[in-house]
Number of protein chains: 2
Amino acid sequence: MIRRTVFFVSDQTGVTAETLGRSLLTQFEAHEFDQVTVPFIDSVDKADQVVRRINAVAAEQGARPLVFSTLVQDELRERFLPVQGLFLDFFEAFLSPLERELQMRSSHTIGRTHGMKDAGAYDRRIEATNFALGNDDGARTADYVAADVILIGVSRTGKTPTCLYLALAYGVFAANYPLSEDQLEHGTLPKTLEPYRRKLYGLTISPERLQKIRRERRPTGRYSSAEQVRFELRGAEALFRRYQVPFVDTTSFSIEEIASTILSGTGIERRVRP
Amino acid sequence: MIRRTVFFVSDQTGVTAETLGRSLLTQFEAHEFDQVTVPFIDSVDKADQVVRRINAVAAEQGARPLVFSTLVQDELRERFLPVQGLFLDFFEAFLSPLERELQMRSSHTIGRTHGMKDAGAYDRRIEATNFALGNDDGARTADYVAADVILIGVSRTGKTPTCLYLALAYGVFAANYPLSEDQLEHGTLPKTLEPYRRKLYGLTISPERLQKIRRERRPTGRYSSAEQVRFELRGAEALFRRYQVPFVDTTSFSIEEIASTILSGTGIERRVRP
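From a predicted model like this one, the values you see are computed outputs, not experimental measurements.

1. Thoughts on the domain arrangement of chain A
It is common to give the size of an interface as the accessible area that goes away when the parts come together.
And step 1. Segmenting chain A into domains produces domain 1 (2–102) and domain 2 (119–266).
And step 2. Between the C-alpha centres of domain 1 of chain A and domain 2 of chain A the distance comes to 39 Å.

What follows is the structure, given as structure tokens:
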């Protein structure tokens, strides 16, 4: 099968073009793709450089590259007419139907999807990130009154990265609290969490996967033993059920999926959007 | 102007539909949109529920909602034919041209853009996140040999969130090191950083913005005084130039833009893609 090169061309960071392109490429798993991101193409000169680069790859590989574009300005898009590749134009495809529906012209200016159009959004994300860092792993509980959600679970179920993702992507204030052996033993919720029961959300995972993850940290010893892992997970899930704490099994979930499941399960408001 | 409701419908997390939809909506800034994300629509029943919900909103508001869909399965998309809204189908629009170009049928299965298709990617992101946490704010320097990039700059220029974003989004190992008053005074690079000069990347920001950010933390005192902020930033930028450390001004940049600028400026390989 011919190997294809994929270019993500953007007048901004390229995040939107990558997101669009990759979600489409997952539908062609049999195919091999080399991926190149070309961000900040905001001038005719830069656009022409990219076209030359794509055409060079086309000639060299004997296969037309795929080009996913989120260029907004017509004068930049037009430079790609002579490109030796399949040019998929995100805005072209969807702006016209939207203009008709909303009965207004789009601004056709360089998008600021990930930009500082809303400086407040930046500040909220930073605040939320600082909150996640300050309230990680049960470090502090005094601020739980300000938390949107408090993740609980045993060690290595994904609490920390999920809190950080919730903060960076959505500006959500997420704390996390590890369940101790003692609490698992007695199946009782820590006193500090009692007042915040309605903010709790549990994370669990399959024993096999947890053991694999823990072994990478500590190859031997009780921490990563099959018995210990099973005991902790059984205890955590029993505790979730006893206190009616909603929980999600993260075994086959990505960080985005865990975060999205928590948000849609709790109805927590996103303070910013990715 | 009529207020419109926007639905992001997905068989997964909705992150892709949100990202694509929002980048289009930025082109209609004059318009007000209420945004609703409906993730994990993976059955005909769930699809029909969403259609009923959208139609109810249309009737109630007297305006057709906008529906951004990343549904992949034809049988789910078909349920939206009777929807009382503008249905924008990201897959429909681009899958056919891709199928023609690649001369193969797409799998038309539920995409796993943000899924565990690659469990290794999950592990790399977690490792990178742990690296960022362990190497934040100069906490540890022994691991710098493993760093892809080491961000340097004065307090509150965005080092920590940028490192965490680089880790979560791209699996990049990013450490950060705050420049001390002493180093700024003498304009010399800390000894610990000397061996890693080629991994350094600087962050700077405008004095006005930095003062505003610092004031939110400490309203009074030297830390957030105009003189101190100017002194620190002048010293940092002089140091960047003296040691030829590439740097970016984060004043009007989002976290995505800072991260993307660093990656495209250094050519650091993304270990995973968002």
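2. What about unusual backbone geometry?
Residue and element names in this part refer to chain B.
And step 1. One non-glycine residue, Asp 137, adopts positive backbone phi at about 55 degrees.
And step 2. Considering the arrangement of structural elements, one finds Asp 137 in the loop between α5 (119–134) and β5 (149–153).
And step 3. Judged by relative accessible area, which is 46%, Asp 137 ranks as partly exposed.
And step 4. The backbone of Arg 156 shows a phi angle near 75 degrees, a positive value even though the residue is not glycine.
And step 5. In this structure Arg 156 comes out as partly exposed when scored by relative accessible area, which is 23%.

3. Describing the interface of chain A and chain B
And step 1. Contacts between the two partners involve 86 residues from chain A and, on the opposite side, 85 residues from chain B.
And step 2. Here chain A meets chain B over a buried area of about 7900 Å², counting both sides, of which 63% is carbon and sulfur.
And step 3. The tally of links from chain A across to chain B stands at 12 salt bridges.
And step 4. Across the pair Arg 125 of chain A and Glu 256 of chain B runs a salt bridge, and its minimum N-O distance is 3.0 Å.

4. Some remarks on the nonpolar core
And step 1. Membership of the largest hydrophobic core comes to 102 residues, with the highest contact counts inside it found for Val 149, Ile 150 and Ile 152 of chain A together with Val 149, Ile 150 and Ile 152 of chain B.
And step 2. In this view, Val 149 of chain B contacts Leu 166, Val 172, Phe 173, Ala 174, Ala 175, Lys 199, Tyr 201, Ile 262 and Ile 268 of chain B; residues no more than four positions away in its chain are not counted.
And step 3. Counting residues in hydrophobic clusters, the runner-up holds 39 residues, among them Leu 88 of chain A together with Ala 17, Phe 28 and Phe 91 of chain B.

5. Comments concerning the confidence of the model for chain A
And step 1. Scored by pLDDT, chain A has a mean of 90; 95% of the residues are at 70 or more.
And step 2. The complex prediction reports pTM at 0.81, with the ipTM value standing at 0.78.

6. Considering the sheet that holds strand β1 (residues 4–9) of chain B
And step 1. Judged by pairing direction, the sheet is parallel, and its four strands sit side by side in the order β2-β1-β3-β4 (chain B) without closing on themselves. On the outer flanks of this sheet lie β2 (33–38) and β4 (86–89) of chain B, each paired with one strand and no other. Averaged over all pairs of adjacent strands, the angle between strand axes in this sheet comes to 20 degrees, irrespective of strand direction.
And step 2. The pairing of β1 of chain B with β2 of chain B spans six bridges and is classified as parallel. Note that in β2 of chain B the partner of Thr 5 of chain B across the bridge is Asp 34 of chain B.
And step 3. The strands touched by helix α4 (residues 90–102) of chain A are β1, β2, β3 (66–69) and β4 of chain B; relative to β4 of chain B, the strand with the most contacts, the crossing angle is about 175 degrees.
And step 4. Against the sheet, helix α1 (residues 15–25) of chain B makes contact with β1, β2 and β3 of chain B, and its axis sits at roughly 150 degrees relative to β1 of chain B, the strand it touches most.

7. Re the packing of helix α1 (residues 15–25) of chain A against helix α4 (residues 90–102) of chain B
And step 1. For the pair α1 of chain A and α4 of chain B, the least separation of the axes is 10 Å and the interaxial angle reads 65 degrees. Note that α1 of chain A runs across α4 of chain B; the crossing there is right-handed. Together, Leu 20, Ser 23 and Leu 24 of chain A of α1 of chain A and Phe 90, Phe 91, Phe 94, Leu 95 and Leu 98 of chain B of α4 of chain B make up the contact between the two elements.
And step 2. A per-class count over the contact of α1 of chain A with α4 of chain B returns seven nonpolar, one polar and no charged.

8. Digging into the relation of the copies chain A and chain B
And step 1. The transformation that overlays chain A on chain B combines an axial shift of 0.0 Å with a rotation of 180 degrees, and the residual RMSD is 0.1 Å. In short, the pair behaves as if placed about a two-fold rotation axis.
And step 2. The fraction of interface residues of chain A whose copies in chain B are also interface residues reaches 99%, indicating that both copies meet through the same surface.

9. Considering helix α9 (residues 226–242) of chain B
All names here are of chain B.
And step 1. Under the 1.5 Å per step criterion, the end-to-end length of α9 is 24 Å for 17 residues, consistent within 8% with the ideal 24 Å.
And step 2. All of the buried residues in α9 are Gln 228, Val 229, Glu 232, Leu 233, Gly 235, Ala 236, Leu 239 and Phe 240. End-on, the buried residues of α9 take up no more than an arc of 160 degrees, which puts them together on one face. Exposed residues pointing more than 90 degrees away from the buried face of α9 are listed as Glu 227, Arg 234, Arg 241 and Arg 242.
And step 3. The inward-facing, buried residues of α9 contact β5, α7 (181–186), β7 (200–204), α8 (207–217) and β8 (247–249).
And step 4. A positive backbone phi angle near 50 degrees is found at Gln 244, which sits one or two residues after α9.

How each quantity is defined
- Residues numbered from 1 in each chain as written.
- Chains lettered and ligands numbered in written order.
- Predicted model: local features only at pLDDT ≥ 70, side-chain atom pairs only at ≥ 80, totals over all residues.
- Heavy atoms only, no water.
- Domains from an automatic or database assignment.
- Helix = DSSP H or I, 4+ residues; strand = E, 2+ residues; numbered from the N terminus.
- Buried < 20%, exposed > 50% of the residue type's maximum accessible area, 1.4 Å probe, protein only.
- Contact = heavy atoms within 4.5 Å.
- Buried area = accessible area lost by both parts, 1.4 Å probe.
- Salt bridge = Lys/Arg side-chain N within 4 Å of Asp/Glu carboxyl O.
- Core = buried A, V, L, I, M, F, W, Y, C linked by side-chain atoms within 4.5 Å.
- pLDDT = per-residue confidence, 0-100.
- Pairing = 2+ DSSP bridges.
- Axes fitted to C-alpha atoms, helices over the stretch in contact; angles between N-to-C directions.
- Left-handed = near helix turned anticlockwise from the far one by under 90°.
- Nonpolar A, V, L, I, M, F, W, Y, C, P; charged D, E, K, R; others polar.
- Least-squares fit on C-alpha atoms with pLDDT ≥ 70 in both.
- Expected span 1.5 Å × (residues − 1).
- Arc of directions from axis to C-beta.

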